[in-house]
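Understanding the architecture of this molecule
Residue-level listing of the chains:
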Amino acid sequence: MTSLISRTLTRAARIPKPPRRRTWTELSPLLRLLILTQLAFNIGFYAVLPFLAEHLGTAIGMAGWMVGFVLGLRTFSQQGLFVVGGWLVDRYGVRPVVLTGCTLRIAGFAWLGYAEATWAVIGAVLSIGFAAALFSPAVESEVARQAVTWEEEGHGPRTRLLALFTVAGQAGAFVGPLLGGLLLAVDFRIACLAGAAVFVLVLAGHVWLMPQHIPGRTPNRERGGVRALLRNRRFLALCCAYGAYLLAYNQLYLALPEEVERATGSQTPLSWLFALSSLLVVFAQLPITRWVGDRLDLRRSMAIGLLLVAAGFAVVAAARPADWTGGAGLLPAAGYVVLLTLGQMLVVPAARAWVPDLAEDGRLGLYTGALFSVSGLIVLIGSSATGSLLDLGLPAAVPWVVLAALPALAVALLPRRPGKTS
C-alpha cells in the first residue's frame with residue numbers, strides 16, 4: 001500500500017500543473033494604461049491633499065468651519081461635477097476629456113502652491129476638483145465598460161478587474177503621502193509643484209498612448225438622459241448610500257487629523273496611517289474581492305462594507321472618554337483606519353460594478369459621473385456640518401457617534417432589486 005501511494009504521488013508530481021492565470025496578463029493595452037493612470041493620478045493627488053487641512057488652518061489661519069467648507073468644496077467640485085465630465089465623455093470620447101482634465105489639474109496645483117488669500121485658495125481648489133471631474137469619469141466609466149466585456153468573455157467577475165483598478169489607486173495613495181511628507185519638510189509649495197509634475201507626466205503619457213477612438217464606444221448625442229436618470233430610483237438610492245460612505249471616507253482629511261493631533265501633539269503619524277490604509281488595500285483587496293465574489297452579491301457586499309465603516313467610528317467613540325495620548329492614543333485612530341479601509345474594499349468595487357446594471361445603454365459616463373455628483377453634494381453639506389460638529393465643544397465621543405450612525409443608516413438606502421433599468 002505504501003509503495004502504491006508513493007508511485008501515485010510520483011506520477012502526480014510529473015503531471016504539469018496548468019499555469020495560474022494572472023489578471024494583469026489578460027488585460028488589453030488600453031486597460032493597462034487606464035489602471036496605471038489611476039496609480040499616477042493618486043500619487044500626485046495624495047502628495048498634497050492629506051496636508052491641506054493643516055496648511056489652511058496653520059499657515060493661512062482659516063477657522064475650522066472654513067477649513068471643512070473648503071475641503072467639502074474640493075470634493076463637491078470633483079464628485080459634484082462628475083456628471084458634467086461623464087456627459088462630456090459620452091458625447092466626445094475619453095481622450096479629449098482626460099487631456100483637458102490633466103491640464104487643469106496641473107494649473108490648479110501650481111496655483112494652490114502660491115495661493116494665500118481665501119479667494120485664491122478657493123479658486124485653486126475648484127480648479128483641482130473640476131480637473132478630476134473631467135478625467136476621473138472618463139477613466140472610471142471606460143474601465144467599468146471594459147470590465148463588463150471582460151466578464152462576458154469569461155475571464156471572471158467584473159469586480160475582480162475593478163478591484164485591480166482600486167489597488168492601483170491605493171498604491172498611488174500609499175506613495176503619495178510619503179512623497180508629500182518628505183516634500184512638506186521643505187515647503188507646502190514644493191509638494192504642490194511635485195503633484196503638478198506628476199500630472200505633466202500623465203498628460204504626456206496619454207497624448208502618446210491613448211487611442212483617438214476606442215472600439216465599442218460611440219458618441220451619444222441624444223437628449224433626455226438626465227431626465228431618465230432622475231426617474232431611476234434604484235440608481236439614486238445607490239448614489240445616496242455611496243454618498244454616506246464617501247462622507248465617512250472624507251473624515252480621513254477632517255476628523256482623523258484632529259484626532260491624531262490631539263493624541264500626539266503632531267500630525268506626523270498621519271502619513272503612516274494613510275500608508276497603513278493603502279497597504280491594506282494593495283495587499284488585501286484582490287483576495288478579499290475573490291472571496292466576496294464567490295459568496296456575496298453586490299448589495300450584501302456594500303451593506304457589510306458600510307457597517308464596517310460605522311464600526312470604525314464607533315471604535316474611536318468608545319475610546320475618546322479615556323482621553324489616551326501618545327502611542328496608546330493612536331490605537332483607536334489606527335482601528336478606525338483599518339475598519340474604514342476594510343469597508344472601502346467591499347463598498348467601492350461593488351458600487352462601481354453595480355452602475356452598468358442600472359445605467360441606460362450608451363450613457364455609462366453620465367451615470368458614473370452622477371454616482372459621484374450626488375455623493376459629492378452629500379459630502380459638501382456633510383463636511384461643513386461635521387467641521388462645525390468638531391468645533392462645538394461637545395462631549396468627546398458625540399461627533400464620532402454621529403459619524404458612526406451615518407453609514408449604518410445608509411444600509412437601508414441600498415436598492416433591493418438588481419438588474420437593468422427599464
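Residues numbered from 1 in each chain as written. Predicted model: local features only at pLDDT ≥ 70, side-chain atom pairs only at ≥ 80, totals over all residues. Heavy atoms only, no water.

Focus on the overall build of the chain
From N to C terminus, the chain includes 17 helices and zero strands. Computed over the C-alpha atoms, the radius of gyration of the chain is 22 Å, within 12% of the 22 Å expected from 2.2 N^0.38 for a compact globule of 422 residues. With the C-alpha coordinates of the chain rotated into their principal frame, the extents come out at 75 × 60 × 45 Å. When burial is assessed residue by residue, the chain has 55% of its 422 residues classed as buried. Of the contacts formed within the chain by residues at least 6 apart in sequence, a portion of 86% connects residues at least 24 apart. With the model as given, the accessible surface of the chain reaches about 18200 Å², and the carbon-plus-sulfur share is 66%. (Helix = DSSP H or I, 4+ residues; strand = E, 2+ residues; numbered from the N terminus. Rg over C-alpha atoms; globule rule 2.2 N^0.38 Å. Buried < 20%, exposed > 50% of the residue type's maximum accessible area, 1.4 Å probe, protein only. Contact = heavy atoms within 4.5 Å. Areas by Shrake-Rupley, 256 points an atom, 1.4 Å probe, with all protein chains shown as cover.)

Description of the packing of helix H12 (residues 255-264) against helix H15 (residues 326-358)
At a minimum axis distance of 8 Å, the contact between H12 and H15 shows a crossing angle of 165 degrees. By the angle class used here, H12 and H15 are roughly antiparallel. For the pair H12 and H15, the sense of crossing is left-handed. Here Leu256, Glu259, Val260, Arg262, Ala263 and Thr264 of H12 come into contact with H15, specifically with Gly326, Gly329, Leu330, Ala333, Tyr336 and Val337. When the residues that make up the contact of H12 with H15 are grouped by side-chain class, the tally is seven nonpolar, three polar and two charged. (Axes fitted to C-alpha atoms, helices over the stretch in contact; angles between N-to-C directions. Parallel < 35°, antiparallel > 145°, perpendicular 65-115°, else oblique. Left-handed = near helix turned anticlockwise from the far one by under 90°. Nonpolar A, V, L, I, M, F, W, Y, C, P; charged D, E, K, R; others polar.)

Notes on helix H5 (residues 82-92)
Buried residues of H5: Phe82, Gly85, Gly86, Val89 and Asp90, and no others. One side of H5 carries all its buried residues, which in axial view fall inside an arc of 140 degrees. Where H5 is buried, its residues meet helix H4 (64-80), helix H6 (94-114), helix H7 (118-152) and helix H16 (364-391). Gly93 sits one or two positions beyond H5 and adopts a positive phi of about 100 degrees. (Arc of directions from axis to C-beta.)

Quick look at helix H9 (residues 188-209)
In a regular helix each residue adds 1.5 Å, so 22 residues correspond to 32 Å; H9 covers 32 Å between its end C-alpha atoms and thus fits that length. Check the buried side of H9 and you find it contacts helix H2 (29-46), helix H3 (52-59), H6, H7 and helix H8 (158-184). (Expected span 1.5 Å × (residues − 1).)

With respect to unusual backbone geometry
Residues other than glycine seldom take positive phi values, yet Asp323 does so here, at roughly 55 degrees. Secondary-structure assignment places Asp323 in the loop between helix H14 (298-319) and H15. Classification of Asp323 by relative accessible area gives partly exposed; the value is 45%.

Points about the side chain of Ser141
Locating Ser141 in the fold gives a position in helix H7. Among the residues examined, Ser141 registers a relative accessible area of 0% and is labelled buried. Engagement of the side chain of Ser141 in a polar contact is seen with the backbone oxygen of Ala138, the distance being 3.5 Å. (Polar contact = N/O pair within 3.5 Å; in protein donor to acceptor, adjacent residues only side chain to side chain.)

Details of the packing of helix H11 (residues 233-250) against H15
Two numbers describe how H11 lies on H15: the axes approach to 10 Å, and their chain directions differ by 155 degrees. Overall, the two elements H11 and H15 adopt an arrangement that is roughly antiparallel. As for the relative orientation of H11 and H15, their crossing is left-handed in sense. Here H11 contributes Arg234, Phe235, Leu238, Tyr242, Tyr245, Ala248 and Tyr249 to the contact with H15, which in turn contributes Tyr336, Leu340, Gln344, Val347, Val348, Ala351, Trp354, Val355 and Leu358. Per-class residue counts for the contact of H11 with H15 are 14 nonpolar, one polar and one charged.

Some points on the pattern of salt bridges
Across all of its chains, the model carries nine salt bridges by this definition. Across the pair Arg145 and Glu142 runs a salt bridge, and its minimum N-O distance is 2.8 Å. Of this pair, Arg145 and Glu142 are both found in helix H7, three residues apart, which corresponds to roughly one turn of the helix. Salt-bridge contacts for Arg320 lead to Glu259; the nearest nitrogen and oxygen are separated by 3.4 Å. You can see Arg320 sitting in the loop between H14 and H15 and its partner Glu259 sitting in helix H12, a full 61 residues away along the chain. This pair shows no difference in class: Arg320 is buried, exactly as Glu259 is. Put simply, Glu259, Arg262, Arg320 and Asp323 are held in one network by salt bridges that share partners. (Salt bridge = Lys/Arg side-chain N within 4 Å of Asp/Glu carboxyl O.)

A few points about the state of the cysteines
With the rule as written, the count across this model stands at zero disulfides. In this structure Cys192 is not part of a disulfide, and its nearest cysteine sulfur, from Cys102, lies 17 Å away. With relative accessibility at 0%, the residue Cys192 sits in the buried group. Of all cysteine sulfurs, the one in Cys239 lies closest to Cys240, which takes part in no disulfide; the gap is 6.8 Å. Judged by relative accessible area, which is 32%, Cys240 ranks as partly exposed. (Disulfide = S-S within 2.5 Å.)

A word on the environment of Ala359
Tracing the backbone shows Ala359 in the loop between H15 and H16. Judged by relative accessible area, which is 1%, Ala359 ranks as buried.

Topic: the nonpolar core
Counting 119 residues, the largest nonpolar core has Leu112, Phe235, Tyr245, Leu252, Leu256 and Tyr336 as its most contacted members. If you tally residues by element for this core, the top one is H7, at 16 residues. Residues in contact with Leu256, not counting those within four places in the same chain, are Gln251, Leu270, Leu273, Ala333, Tyr336, Val337 and Trp400. (Core = buried A, V, L, I, M, F, W, Y, C linked by side-chain atoms within 4.5 Å.)

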